[in-house]
Amino acid sequence: MALRVDDPAAYLSVARQDEPPPSKIPHDQEEKVPCREPDDFDLKVDPDPSCSVRWDVVLCETSMDPRYLVLWSMAFSFGMVDIATMVRYFAFATFMTGNSMHTAEASVDGCWHNFWRVVWLIVAYSVGMMNLRLTDLLRKSYEIKIGTATLLVPLIVISFAVADLVYYGYDARDEPYMNCGQRQTHGTWGLCILAHGFGIINGICMKVDKVTTNALTGHFLTAASAVFDQIDCVRRGVWLPRKEKERFLMSFGVITFFLVGVSVATAWQRAYGNIGVQKDASWNDYQPVFAVAGVVFGINLWLHDLLKMGDWRNEALQQKECLTIMMD
């Protein structure tokens, strides 16, 4: 068991004299320090008060930080857009897990027209990520001062507006080759255009924010883990580190705003029915749903550069834990 001493020289002096280790401090007299991870057995927690802040303080600071608000706004927008794509296309353009399952299902059923349409959707999404990387590479090569996200805003806004036009001009009509074991019976070219845009947006979330705002699976795990750590820290009578509280609030915010976005879009569709219809839509039914969404996402991307989100997230992830090595 390592000794907690302030002066290493004193520790060595004690060791040379072969004196017995000091008696263990009673539990009720132990200094309350931040809770540490179970596998950090060779580390001790620095008792710096800045490492342990009350929940209400962290909540107040987080909710007032515009960078958190940008990420939560992205989650809200993703929730609304997912409803719009499901209403119009019965598919998602923001993540490819379900679409990948459709390719496997279509190949087993021999629905090759459906198969290739979904494959093109996945390809468009992947090309969006490569477009982001290429734009960032060229920006750095030519020393362009404008941020990568801002450079891609016009492409996002224009492509989302075009997706609306493609939907009402072509996709809303039935396509006979799509009638093969699928509920999707009309065109998906507008969805491919959206998928390319979302490949760019999700790439920024992954490469810049280091936070997923278009899906909730990982955030539920993060929140559950933080709840367990908090309960364990209460049991041990120690503090949960500030960093863990911020991580929980980040995930909780993404979950909340995403679901609120879904609820708002669902309520709007049921009340007014103008997000779109699955088929037989005409120009008289035109609603610029994705055009508006493109503007919203464009503003969020511009704010990424304005608030220097990349530098902020890198500092947060590289920030040293409130831990110091303990002498053996």
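Reference entry: report on the structure contained in this document.

Rules of the game
Residues numbered from 1 in each chain as written. Predicted model: local features only at pLDDT ≥ 70, side-chain atom pairs only at ≥ 80, totals over all residues. Heavy atoms only, no water. Helix = DSSP H or I, 4+ residues; strand = E, 2+ residues; numbered from the N terminus. Contact = heavy atoms within 4.5 Å. Areas by Shrake-Rupley, 256 points an atom, 1.4 Å probe, with all protein chains shown as cover. Core = buried A, V, L, I, M, F, W, Y, C linked by side-chain atoms within 4.5 Å. Buried < 20%, exposed > 50% of the residue type's maximum accessible area, 1.4 Å probe, protein only. Expected span 1.5 Å × (residues − 1). Patch = residues over 30% accessible without salt bridge, like charges linked within 9 Å, V, L, I, M, F, W, Y side chains within 5 Å. Salt bridge = Lys/Arg side-chain N within 4 Å of Asp/Glu carboxyl O. Phe/Tyr/Trp six-rings, centres within 6.5 Å; stacked < 30°, edge-to-face > 60°.

### Observations concerning the overall build of the protein
For the protein, the helix and strand inventory stands at 11 helices and 2 strands. Listed N to C, the secondary structure of the protein is α-β-α-α-α-α-α-α-α-α-α-α-β in terms of helices and strands. Across the protein, contacts joining residues at least 24 apart in sequence account for 78% of those joining residues at least 6 apart. For the protein, the accessible surface area stands at approximately 18500 Å², while carbon and sulfur atoms represent 63% of it.

### So, the nonpolar core
Formed by 52 residues in total, the largest nonpolar core has its most connected members in Phe160, Leu194, Phe198, Ile201 and Phe297. Among the elements of the structure, α3 (66-89), α5 (112-141), α6 (148-171), α7 (189-209), α9 (242-272) and α10 (289-306) are those that each provide at least two residues to this core. Considering each element in turn, this core owes the most residues, 12 residues, to α3. For Phe160, the contacting residues outside a window of four places in its chain are Leu194, Gly197, Phe198, Ile201, Phe290, Ala291, Ala293, Gly294 and Phe297. Grouped together as the second largest cluster of nonpolar side chains are 6 residues, Val53, Val58, Ala226 and Leu249 included.

### Structural notes on α9
Between its first and last C-alpha, α9 extends 44 Å over 31 residues, near the 45 Å set by a 1.5 Å rise per residue. Looking one or two residues past α9, Gly273 carries a phi angle of roughly 65 degrees, positive in sign.

### A closer look at a nonpolar patch on the surface
Together, Trp112, Trp116, Trp120, Val123, Val127, Met130, Tyr170 and Trp189 make up an exposed nonpolar region whose accessible area comes to about 830 Å². Relative to the assigned elements, Val123 resides in helix α5. By relative accessible area, which is 34% here, Val123 ends up partly exposed.

### Concerning the side chain of Thr85
Summarising the element assignment, Thr85 is placed in helix α3. On the accessibility criterion, Thr85 (0% relative accessible area) is buried. Residues contacting Thr85, with those up to four places away along its chain left out, are Phe90, Ala91, Phe92, Ala93, Leu191, Leu194 and Phe290.

### Some thoughts on the packing of aromatic side chains
What the rule picks out here adds up to 18 aromatic pairs. Arranged with centres 4.8 Å apart and planes meeting at 35 degrees, the rings of Phe92 and Phe95 form a pair that is tilted. Taken together through their ring pairs, the aromatic side chains of Tyr89, Tyr167, Tyr168, Trp283 and Tyr286 make up a single cluster.

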